[in-house]
Structure formats: structure tokens, C-alpha cells
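# Notes for the structure review
The chain contents come next:
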Amino acid sequence: MAGGFSVSASASASSGTEFEAKITPIVIISCIMAATGGLMFGYDVGISGGVTSMDDFLREFFPTVLKKKHEDKESNYCKYDNQGLQLFTSSLYLAGLTATFFASYTTRRLGRRLTMLIAGVFFIVGVIFNGAAQNLTMLIIGRILLGCGVGFANQAVPLFLSEIAPTRIRGGLNILFQLNVTIGILFANLVNYGTAKIHPWGWRLSLSLAGIPAGLLTLGALFVVDTPNSLIERGRLEDGKAVLKKIRGTDNVEPEFNEIVAASRVAQEVKHPFRNLLQRRNRPQLVIAVLLQIFQQFAGINAIMFYAPVLFNTLGFQSDASLYSAVITGAVNLLATLVSVYSVDRVGRRMLLLEAGVQMFLSQVAIAVVLGIKVTDRSDNLGHGWAIMVVVMVCIYVSSFAWSWGPLAWLIPSETFPLETRSVGQSITVCVNLLFTFVIAQAFLSMLCHLKYAIFAFFSAWVVVMSLFVLFFLPETKNVPIEEMTERVWKQHWFWQRFMDGDNHHIVNSAGKINTV
């Protein structure tokens, strides 16, 4: 679920000069601290799939699933079809979705740092509930608290990262969040691999170790400084300037300071950001942001990531082997995300998305075919060669997703929204993403039961739809300053330009004069 996202004003001044900014230790440390929010999120995603395939855990909370798993009179694909079990995983996303609305408010009013602190506290309390759970209620309450943490962290951390980072490394620092999500998933898979052998309380250890990233985020939020943008937005101009000098490592911060002040004035003039977002001229960005989130989920990635251990178990891998396979997919995910850090500003967004579409489609069709021939309702013995092939196909699929739809579905909305609708656009993006994550998490195991191997065909059909959308409707945004999107991107696009005509939108041209278009 991958998503590092960036919200930031372009740091090239209107005269086209780069602001003076050293990459100071305080920036690096702040970013590493803040990005642990991503670590926490990844850990929560990765841990649930492994824990729900542990017998001790099922015995304690879902005895019916355990009975089904071992008696196995039913279809192979239906071993884990249980709404309560799916609720354990997906309650987190529903809570995150609700929390995002509150987080959007605290990010503005209390600042990025305090919002991160609130997230850390939610995480810690949630971890305590989960690790000490005596019954299903405690377990679900813990997941809901973790979800609130996710909502607050996903709103504040990316904003914090892109506001504190100097422009030239903004993209890279931004994908730090995404990178940490993948590290979290991998770490969770490794933990599950170890704790599966500890009976009867291994699952408690798995759930409690989430305390490590939670503690890091909370400590980090206590020590970092708030972003200059946030301080200025709340009217603390002097503090803002002092922080700016500190993080840029220079006293010459006037140009950047003035631009932030100007941007925050414009943003404050907008009384109803939601209403503003629905105006005709903001339609292209809104449509693209929402569709990218929906497509990201319907590519089937979370289905694979959440339930990798359960999925491999269903295909007849033994419990140990399936956690092992999940570790492999986690590692592939991490490495492929690094590819995207390197290539996104070189080959461009469209190229990555289209290439990955082809790769994802082929690998999903291949998985569907193998499963269709090899895994019937009763016999689940894949055979060694076929089993390896499925793992390889899943890896090919995961890698292509991790360098395209994973990070880009977050990056593109954040660089296309104009400043005055950026924070509200961000909330909508997060909400739609969590909503569809919830839908897929809640439905996946039931879909696996009813559609069987055709579930991969279902996802591959979506991959075709989204690749066509990218081909025809998604403009290339690489190397375009945020302020010039309207002129250089939307007005040039064969379809979206019709939303731009007759629009009195002020944009600052390169000489710093305001043009009315």
C-alpha cells in the first residue's frame, strides 16, 4: 500500500533561480525520523497476513477458521473465508479513513510535528491493546487505534518531508516514505517467519514488535522542528524564518521565506477549499488523483501483499514455506522501489506506468493459468517446479508494481494540485486510497473463495483498463515546476484543455509578473 506522497511549493523562485540550500544534517535526521511513520504503516500491513496464518492466533480468536483450515472438507480456496478475520485486517483502514479528516484539520491548525506526535501516541496505545489482547474486541480496538495512527501519519509525514526537503532532492526524500513502507513490510515478514516457531505466544510478539517503529516516530516527533511552511501558515513568521535558516544552513533565506509567505496568503484567501476543489478548472487533477488511487488498489497489489502467506498456504505451500515466500516478495518490493527512486525523473511517469502495465498483465494471466490447471478445489499440491513458477510470477508482478503504480499513484496527485487546493486534495487522495484498500481487504478472501483462480484474471482486466487510461488521459509531468502545470501540461493536453478555457486563473510567469489567463 504503498504510498509516499509529496505536497510542496516549487522551490524555484519566480525569477527561475534555485534557492540557496545546503543539505544539512538536521534535514537528513528530520526526514529519517519522520519517515518512520511509513515504517509503522508497512509493518502493520505486513504483519496481519502472517499472524492470521498462525494456528495459535486462530485457536485463540478464530477457532472456526482453524477447524476449516485443518479439516479442509471445503474448497481449498475457501479456507480463510471469514468476515471476522477480514475485519481484523481491514478495520485498520476504515479507522485510518475516518482519522484522515481530523488529521487534515490538526495538520493545518496544530502543525505537522504535533500531528506526527498524535500519530505516534495512537500507534503505541494500539500496539499495547494488540499485544495484550484477551479477546476479539481488544484485538479490533487495537487495530482501530493503529488505523487512527495511520490516518494522522499519512497526512502529516509526507507534508513534513516535502516541506523540509530542498527542491533538488525532494522527489528522492519523498519516496523515502514509500521506501520505509516496503522496509516495514519486509521486516514484518521476517518477524513472522521467526515467531511462527514460538508457541503459543508467537503472534503476541509479532504484534508487539510494532512498538519499535511506534516509539521511533513518537521520539522523532518530540525532537524534530516543525516545518517553516507550517509555522508561517499559523502566523509565526519569525519562528518560521529562524527554522528556515537552520534547516537550509544559510542566512540567505529571504527569497524562499517570501515565497512561502506569499503562498500561505493565497492559501488563506481560499475560504472553502472543498468547494474550490470542485471548480471546473480543478477537475482534471481531481479526476486523475481519484482514479489513480482506485486503479492502484484494483491492480491487486494489496490483495497479494496482505495475504501473501495465506495465499501461498492456499496453494499448498506448507506454513513455513509460505512465510518464506512472503519474505521473498517483500524483498523484491523493496528493491523495485529503489528502481523507481532512480528512474522516475529520468524516464518519466508515463513510461514507467505503461511498461509496468504490460508486465503486470502478463504475470497475472500466467498465475491464473497455472492455478487454473494445477490447483483444483480438493488437490492443492502444486509440485515443486510449478510452486517456484508461481512465486517467480508473483515477484515479477510485485516488482513492476513497486516501480510504477506504488509510488506514482501518490506522487502524481501531489505534484498536480495547485497550492490552494493541495492540502484538501491530499486528504481526498488518502481517503479514496484507504477506502478502496478497505474494500479490497474486506472482500479479497471471499473473492478468492468464489472466483478461485479467476481472481487474477479479474485483476488483470483492471490492469488493461488502467493502462489505457494512462495512455490516453495521463499527461507527462516530469521536470515541470508545480506552478507551471496549468500552462505547460493541462492547456496542452488534447482532452483536459477543454476544462481550462475561459478561466481567469492567475499564474505567475517566469518573470514574476502575474498573468491572467
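Report on the accompanying structure. What you are looking at is a predicted structure, and each value in this text was computed from that prediction instead of being measured. (Residues numbered from 1 in each chain as written. Predicted model: local features only at pLDDT ≥ 70, side-chain atom pairs only at ≥ 80, totals over all residues. Heavy atoms only, no water.)

### Focus: the packing of helix α14 (residues 283–298) against helix α19 (residues 405–416)
Think of two packed helices as two axes; the pair is described by the angle between the axes and how far apart they sit. Our working rule: Every axis corresponds to a line fitted to the C-alpha atoms, with the helix fit spanning only the stretch in contact, and the corresponding angles, defined between N-to-C directions, vary from 0 to 180 degrees. For the purposes of this entry, the term helix denotes a DSSP run of H or I that reaches at least four residues, the term strand denotes a run of E that reaches at least two, and both are numbered from the N terminus. Note on terminology: angles under 35 degrees are roughly parallel, angles over 145 are roughly antiparallel, angles of 65 to 115 are roughly perpendicular, and the others are oblique. Left-handed describes a crossing in which the near helix is turned anticlockwise from the far one by less than a right angle; the clockwise case is right-handed. What makes two residues a contact is simply this: any of their non-hydrogen atoms within 4.5 Å. Following the grouping adopted for this structure description, the nonpolar residues are Ala, Val, Leu, Ile, Met, Phe, Trp, Tyr, Cys and Pro, the charged ones are Asp, Glu, Lys and Arg, and the polar ones are all others, Gly among them.
Across the interface, α14 lies against α19 with an axial gap of 9 Å and an inter-helix angle of 165°. One finds that α14 runs roughly antiparallel with respect to α19. Regarding α14 and α19, the two cross each other, and that crossing is left-handed. Residue-level contacts link Q285, I288, A289, L292, Q293, F295 and Q296 of α14 to W405, G406, A409, W410, I412, P413 and T416 of α19. Residues that form the contact of α14 with α19 fall into these classes: nine nonpolar, five polar and no charged.

### Structural notes on the pattern of salt bridges
What counts, and what does not: By definition, a salt bridge exists where a carboxyl oxygen of Asp or Glu is found within 4 Å of a side-chain nitrogen of Lys or Arg. Only protein chains enter the accessibility calculation, which uses a 1.4 Å probe; a residue is then buried when its area is under 20% of its type maximum, exposed when over 50%, and partly exposed in between.
Applying the stated rule across the entire model yields nine salt bridges. D239 is paired through a salt bridge with R236; the nearest N and O atoms lie 3.0 Å apart. D239 sits in the partly exposed class, given a relative accessible area of 33%. Taking the shortest distance from any N to any O, the salt bridge between E256 and R248 comes out at 3.0 Å. Judged by relative accessible area, which is 2%, R248 ranks as buried.

### Notes on the packing of helix α4 (residues 83–109) against helix α5 (residues 112–131)
Where α4 meets α5, the axes come as close as 7 Å, and the angle between the chain directions of the two elements is 140°. Comparing the axis directions of α4 and α5 gives the class oblique. Contact residues: A103, T106, T107 and R108 in α4; R112, T115 and I118 in α5.

### A few points about helix α21 (residues 454–473)
Think of an α-helix as turning once every 3.6 residues; residues three or four places apart then point the same way. Just so we agree on the cut-off: Under the convention used throughout, the expected extent of a helix is 1.5 Å for every residue step, that is, one less than its residue count.
The terminal C-alpha atoms of α21 lie 29 Å apart, and with 20 residues this matches the ideal 28 Å at 1.5 Å per residue to within 8%. All of the buried residues in α21 are I455, F456, F459, S460, V463, M466, S467, F469 and V470.

### Regarding the nonpolar core
As a reminder, the rule being used: For our purposes a nonpolar core is just a set of buried Ala, Val, Leu, Ile, Met, Phe, Trp, Tyr and Cys residues, chained together by side-chain atoms within 4.5 Å.
F57, M360 and W405 are the most contacted members of the largest nonpolar core, which has 131 residues in total. Non-local contacts of F57, meaning those with residues more than four positions away in its chain, are made with V51, T52, F62, F88, L139 and W203. The next biggest cluster of nonpolar side chains, apart from the first, holds five residues, and it includes L277, A289, F417 and V424.

### Observations regarding helix α3 (residues 63–71)
To be explicit about the condition: By definition, the arc is the one covered by directions from the helix axis to the C-beta atoms.
Residues of α3 that are buried include every one of V65, L66 and K69, and no others. Projection of α3 onto a plane perpendicular to its axis shows the buried side chains occupying an angular sector of 100°, all on one side. Turned more than 90 degrees from where α3 packs its buried face, T64 and K67 sit exposed.

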